[in-house]
Amino acid sequence: MNQLSRAAKKEYFSRLESLRPDAVYSCSAFPVSVLAGLGLRPARIPVSSRAKGRIRSREDVCPLMELLAGSMEQLRPRVVIGLHTCDMTRRFYQELNKVENAQVHQLQLPATFGKEAEEFYASQVERLCEDLVLNGLSEGYEPERAESWFRGLRKLDELLRGAALRTPPVALKYLHHLGSIMPPREAVEVIGNLLEDHEPFKGEFTLVASGSPFPPGSDTVAETVEAAGGLLVPAGCSGHAAYPAGEPADFSPGTLAVESLAGCRCVRRRPNAICFDHIGESAKRFSARGILVTCLSFCDLWYTEKVRFKERFPIPVLVTDCGLNQGDSERTAMRVETFIQSLGVK
């Protein structure tokens, strides 16, 4: 593994051990700047394949929910913002609300576009702010604090985009993970120092990755591409799709919620052309030779779109059904290696 990759991975897990956010949220479609506007220190729930938790409600639970449970057991956050993005997440947060000491606030992420969906989502975020103030977790909302966080996210996204074609795949993955648990301006400084302290990585080819979010510690795809001498640009919600896509008219909670929903580039949205457009634009911008769509084996949100992925793009696409176990990792590595060989880059 490249030295920068080892350093970035070590930095992430080191900071994860001391992470103590005021509030955590589960989905990048949540306007995190709102929490900063309330004076809270937020972080996206840092699921890790190294820390599984116990699910009390049932045995046949989604493995990703086990990782969410493990994160809750370790972090003990004061506030949890749980977005219902599928049946599993809805059930998980409903059960979590019964047993955890933290305040669990459940929001429904609309799956459709339109004015009604925007108004519904905005009303939920505005109600959340009111509840946090009423419950004594915030003294009030200040738009200036929200704007500062939002501008920091812009700088962080710009830094990571600029570094994408000179950073080894494992390192780039963990730099994005760092950005999800740290205040953005602090992350810019830490990530900038890591990049300056190591030689640029000269990749022989570039791939774009999208699909299900793969947690820290589950690095098979990135490691395989890196070992083959390639670059891997994460275009999904664990990468560039996690950052703001537009500019809000103001920095009130409702407006930030509408802007976040409008920029949500997830395949679960209907119609999901915004997701395909984002992946295609990323492939074009970074001159990718191919697209990897990794789908967690227990989730069909991405896997059911495999035919459209292969028909939509003019470059080769690999849609692979992955898991979090050792056997799954070995099969995934073999499929990615075969895909790279088929591109004629080695």
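You'll find the structure just up there.
Thresholds, definitions, all that
- Residues numbered from 1 in each chain as written.
- Predicted model: local features only at pLDDT ≥ 70, side-chain atom pairs only at ≥ 80, totals over all residues.
- Heavy atoms only, no water.
- Helix = DSSP H or I, 4+ residues; strand = E, 2+ residues; numbered from the N terminus.
- Rg over C-alpha atoms; globule rule 2.2 N^0.38 Å.
- Buried < 20%, exposed > 50% of the residue type's maximum accessible area, 1.4 Å probe, protein only.
- Contact = heavy atoms within 4.5 Å.
- Areas by Shrake-Rupley, 256 points an atom, 1.4 Å probe, with all protein chains shown as cover.
- Lys, Arg positive; Asp, Glu negative; His and termini not counted.
- Charge placed at Lys NZ, Arg CZ, Asp CG, Glu CD.
- Pairing = 2+ DSSP bridges.
- Right-handed = clockwise from strand over helix to strand, strands pointing away.
- Axes fitted to C-alpha atoms, helices over the stretch in contact; angles between N-to-C directions.
- Parallel < 35°, antiparallel > 145°, perpendicular 65-115°, else oblique.
- Left-handed = near helix turned anticlockwise from the far one by under 90°.
- Nonpolar A, V, L, I, M, F, W, Y, C, P; charged D, E, K, R; others polar.

Caption draft 1: Structural detail: the overall build of the chain. For the chain, the count of helices and strands is 13 helices and 8 strands. Here the C-alpha atoms of the chain give a radius of gyration of 19 Å, agreeing with the 20 Å that 2.2 N^0.38 yields for 346 residues. With respect to the three principal axes, the spread of C-alpha positions in the chain is 60 × 45 × 40 Å. For the chain, the proportion of its 346 residues judged to be buried stands at 57%. In the chain, once contacts between residues fewer than 6 apart in sequence are set aside, the share between residues at least 24 apart is 75%. In the structure as shown, the chain presents an accessible area of about 15,200 Å², 47% of it carried by carbon and sulfur atoms. Averaged over its 42 positive side-chain charges, the chain has a centre that lies 3 Å from the centre of its 43 negative ones.

Caption draft 2: Looking closely at the side chain of Ser28. Residue placement: Ser28 occurs in the loop between strand S1 (23-25) and helix H2 (33-37). On the basis of relative accessibility, which here comes to 17%, the residue Ser28 falls in the buried class. For Ser28, the residues in contact, after removing those within four places along its chain, are Arg44, Cys237, Ala241, Ala242 and Ser260.

Caption draft 3: Main features of the pairing of strand S7 (residues 290-296). Across the 7 residues that make up S7, a large majority, 7, are buried. Side chains Gly290, Leu292, Thr294 and Leu296 of S7 all project onto a buried face; the interleaved residues Ile291, Val293 and Cys295 project onto the opposite face, where all are buried too. Both strand S5 (residues 205-211) and S7 contribute to a ladder of 5 bridges, which runs parallel. Across the sheet, residue Val208 finds its bridge partner in S7, namely Ile291. Pairing between S7 and strand S8 (residues 317-322): 6 bridges, direction parallel. Paired with Val293 across the strands is Val319, a residue of S8. Traced from S7 through helix H12 (residues 306-312) to S8, the parallel crossover comes out right-handed.

Caption draft 4: Molecular detail of the packing of helix H1 (residues 3-17) against helix H8 (residues 184-196). It is the contact of H1 with H8, at a shortest axis distance of 10 Å, that shows an interaxial angle of 150°. Accordingly, the angle class assigned to the pair H1 and H8 is roughly antiparallel. Between H1 and H8 lies a crossing of right-handed hand. Listed contacts from H8 to Leu4, Ala7, Ala8, Glu11 and Arg15 of H1 are Glu186, Val190, Leu194 and Leu195. Tallied by class, residues from the contact of H1 with H8 come to 6 nonpolar, no polar and 3 charged.

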